[in-house]
Amino acid sequence: YRIASVRFNRFDQATQPLPLGYLPIGDRIATFNPLYGQGMSVAALQCQALADALGQVTTADPSSDWRAALASPYLANAAVPAEAAWLIGQASDMEYPAYRGQPSVAAVALNKDLRRAFATSIGRADRMSRIDQVLHLLEPLSHLSSLVHRHTGSGDPRQDPALAQAREISPALN
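Read on for an overview of the structure. What you see is a predicted model; the values in this text were computed from it and never measured.

Right, let's talk about the overall build of the protein chain for a bit. What the protein chain contains, in helices and strands, is six helices and two strands. Along the chain direction, N to C, the helices and strands of the protein chain fall in the order β-β-α-α-α-α-α-α. Each of the 174 residues in the protein chain was classed as buried or not, and the buried ones make up 36%. For the protein chain, contacts bridging at least 24 residues in sequence account for 57% of all contacts bridging at least 6.

For the structure shown, the criterion picks out one aromatic pair. Where Phe8 meets Trp86, the ring centres are 5.7 Å apart and the plane angle is 40°; that geometry is what we call tilted. Within this pair, whereas Phe8 is found in strand E1 (residues 7-8), its partner Trp86 is found in helix H2 (residues 66-93), the two being separated by 78 residues in sequence. The exposure class assigned to Phe8 is buried, which follows from its relative accessible area of 17%.

Another aspect to go through is the environment of Asp113. By secondary structure assignment, the location of Asp113 is in helix H3 (residues 105-120). Taking the relative accessible area as the measure of exposure, Asp113 reaches 4% and is therefore buried. In this structure, the C-alpha to C-alpha distance between Asp113 and Val148, residues 35 residues apart in sequence, is 6.6 Å.

This part takes up the packing of H2 against H3. Packing of H2 against H3 leaves a shortest axis separation of 8 Å and a crossing angle of 65°. Here H2 lies roughly perpendicular to H3, going by the angle between them. The interaxial crossing formed by H2 with H3 has right-handed handedness. Where H2 approaches H3, its residues Leu87, Ile88, Gln90, Ala91 and Ser92 are matched on the opposing element by Ala106, Ala107, Leu110, Asn111 and Leu114.

Here we take up the pattern of salt bridges. Under the definition given, this model contains five salt bridges. A salt bridge links Arg115 to Glu95; the nearest nitrogen and oxygen atoms lie 2.9 Å apart. Remark: Glu95 occurs in the loop between H2 and H3 and Arg115 occurs in helix H3; sequence separation between them is 20 residues. Take Glu95: its relative accessible area is 41%, and that puts it in the partly exposed class. The salt bridge partner of Asp126 is Arg124, with a shortest N-O separation of 3.7 Å. Classification of Arg124 as partly exposed rests on a relative accessible area of 32%. Linked through salt bridges whose partners overlap, the residues forming this network are Arg10, Asp12 and Glu83.

Reading the values: the criteria
Residues numbered from 1 in each chain as written. Predicted model: local features only at pLDDT ≥ 70, side-chain atom pairs only at ≥ 80, totals over all residues. Heavy atoms only, no water. Helix = DSSP H or I, 4+ residues; strand = E, 2+ residues; numbered from the N terminus. Buried < 20%, exposed > 50% of the residue type's maximum accessible area, 1.4 Å probe, protein only. Contact = heavy atoms within 4.5 Å. Phe/Tyr/Trp six-rings, centres within 6.5 Å; stacked < 30°, edge-to-face > 60°. Axes fitted to C-alpha atoms, helices over the stretch in contact; angles between N-to-C directions. Parallel < 35°, antiparallel > 145°, perpendicular 65-115°, else oblique. Left-handed = near helix turned anticlockwise from the far one by under 90°. Salt bridge = Lys/Arg side-chain N within 4 Å of Asp/Glu carboxyl O.

Below you can see the structure in the form of structure tokens.
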């Protein structure tokens, strides 16, 4: 597959509010390398984020404008699966010699964890299944880190300075 570009639009960090009633979803928030097959998963998780946000605002103060109240919680929660998929894509792309991007600190930390996870899962279907759960966005990225650090005996993953810095930048790693 050839794609012109991938993008991640951080609507959750916009300095100006979006037009009232406009809520981006799916490819409008982020596009990914189709080889990883994450677009539909991210869109489905964003639908869940929208349903959750709708549930919160319908029980909120009836005198407030529900459309304005909906945007902030939805955009914050919709960014989480997009960021997780974005980081998985970056971390995976780093393995290719032709990769020319500037990976984020979080992607470098995730790449390191992925390498360790795959190395420790050889011949262990249970471990590979847990890694697959993370890569298919069924479990948070933090499950990968705890799996790797528990197996390698390197202690608490929160003590890794690179990982701590990555967690500050990327909520998807928490």
